[in-house]
Amino acid sequence: MLYAFELSGEHEELPAAEVLACLKIEGLDFQPHSRVDQCLVVDIAGREEDVEKTLAGSVTGRLAMTHHILKVVGITENNPDAVLKLAEAFEPEGYIIEGESFVVRAKRIKHHVDFPCEYLEQKIGGCIYRKGFRANLKNPDVEFRLILSEKAVLGTLLSSVDRSAYEARTPQNKPFFHPGVLMPRVARALTNLSEIKTGELFLDPFCGTAGILVEAGLVGARVIGIDAQEKLVLGAHMNLEAYELDYLLMEGDACRIPLKDSTINAVVTDPPYGRSAAILAGSLEELYSGALEEIHRVLKPGGIAVVVSDKASFEYGEKAGLKVLEIYVQRVHRSLTRIITIFRKDMEQNYSES
Ligand SMILES: C[S@@+](CC[C@H](N)C(=O)[O-])C[C@H]1O[C@@H](n2cnc3c(N)ncnc32)[C@H](O)[C@@H]1O
């Protein structure tokens, strides 16, 4: 069965990568099907009822850079004739049941269409009405959504991500604030890319005010944070307490992590950037190479580390023995571009003697 993820436009690649990571984390049997601007379609095998329960529950609860998940009715060319042909031809079974009411909402992605959405909403509504269902604009049982991107994707709404929950956790709203924190949506997406699962151990060795740790804690990870500044460790305590999370914090040095080898399932971290950063090390180079060696040491084989920086960290990671899986570039504003590097610790090497 095909499912479509309506993606946020905040980055070209991260939202789709986050979806695929979440499907993997939740153990779904899937294949990417097609991808258009701000919409990813995935083919998911298994009992529809179980798949949809997982999508609407834990997957929706984890995602940060998706707006909605749809059950796909069909994908067609992006023009009114093709869309109406699809709406006319589809079998309602599996999408809407007898007696249920519906609404049709169309979403135009950027410049991909030059005809009015309202026109198509009404025409599709007419097709569904003729199949024996009644429209209810205010309180429908089923919402049909039409995504007008490079292709037209028609589906029924399965679930929506509560984006306001991320706004509510904006750094300034937390008990302790210090500048230089990733926004919660970005921190959550990176946490998902680390493939951390509920109950597993998650580390941020430059944890600051715990912005990343809060997001990992909220998806059920047991989180460990280290920071060189005592006042930030105290602030991190306040922020983690506010969400009643399972955590351990230490004041210390990311280049000397007091944890045993191969014990951590995933790392996501945001080491100090650039000129103004507060660092506990001789230089930023020493800090990056020391910290990446330690991250490699404490990660379990197969574990993922996500490192965010304004400079390429891949060389330091590779030198430490980590394998680069992906590098994403995110332009934040004119003077800040983030480089997000996804590393994996090799499965095959023998780490027992390190
Ligand atoms: C960009 S901030 C991280 C912000 C963090 N993600 C948050 O949510 O607040 C980098 C942090 O690295 C810390 N730091 C600098 N040198 C360090 C070291 N050698 N070991 C551990 N932490 C260090 C700084 O105190 C700072 O809090």
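Because the structure is a prediction, the values reported are computed rather than measured.

Caption draft 1: The sheet that holds strand 13 (residues 299–309), seen in detail. Pairing is mixed in the open sheet, where seven strands are placed in the order 11-10-9-12-13-15-14. Every other strand in the sheet has two partners, leaving strand 11 (247–251) and strand 14 (322–333) as the edge strands with one partner each. Shown here is a sheet whose adjacent strand axes are inclined to one another by a mean of 15°, direction ignored. Judged from the four bridges that link them, strand 9 (residues 201–204) and strand 10 (residues 222–227) form a sheet pairing that is parallel. Bridge pairing in strand 10 links Phe 202 to Val 223.

Caption draft 2: Main features of the packing of helix 1 (residues 14–25) against helix 2 (residues 48–62). Relative to each other, helix 1 and helix 2 sit at 130°, their axes nearing to 10 Å. Between helix 1 and helix 2, the angle is such that the two are oblique. By crossing handedness, the relation of helix 1 to helix 2 is classed as right-handed. Residues Glu 18, Cys 22, Leu 23 and Ile 25 of helix 1 touch helix 2, and the partners they reach there are Leu 55, Val 59 and Arg 62. Class assignment for the residues of the contact of helix 1 with helix 2 results in five nonpolar, no polar and two charged.

Caption draft 3: Region of interest: the side chain of His 68. On the secondary structure map, His 68 appears in strand 4 (residues 66–76). Among the residues examined, His 68 registers a relative accessible area of 18% and is labelled buried. Reaching out from His 68, the side chain makes a polar contact with the side chain of Ser 160 at a distance of 2.8 Å. In contact with His 68, not counting residues within four places along its chain, are Ala 4, Phe 5, Glu 6, Arg 145, Leu 157, Ser 159 and Ser 160.

Criteria and cut-off values
Residues numbered from 1 in each chain as written. Predicted model: local features only at pLDDT ≥ 70, side-chain atom pairs only at ≥ 80, totals over all residues. Heavy atoms only, no water. Pairing = 2+ DSSP bridges. Helix = DSSP H or I, 4+ residues; strand = E, 2+ residues; numbered from the N terminus. Axes fitted to C-alpha atoms, helices over the stretch in contact; angles between N-to-C directions. Parallel < 35°, antiparallel > 145°, perpendicular 65-115°, else oblique. Left-handed = near helix turned anticlockwise from the far one by under 90°. Contact = heavy atoms within 4.5 Å. Nonpolar A, V, L, I, M, F, W, Y, C, P; charged D, E, K, R; others polar. Buried < 20%, exposed > 50% of the residue type's maximum accessible area, 1.4 Å probe, protein only. Polar contact = N/O pair within 3.5 Å; in protein donor to acceptor, adjacent residues only side chain to side chain.

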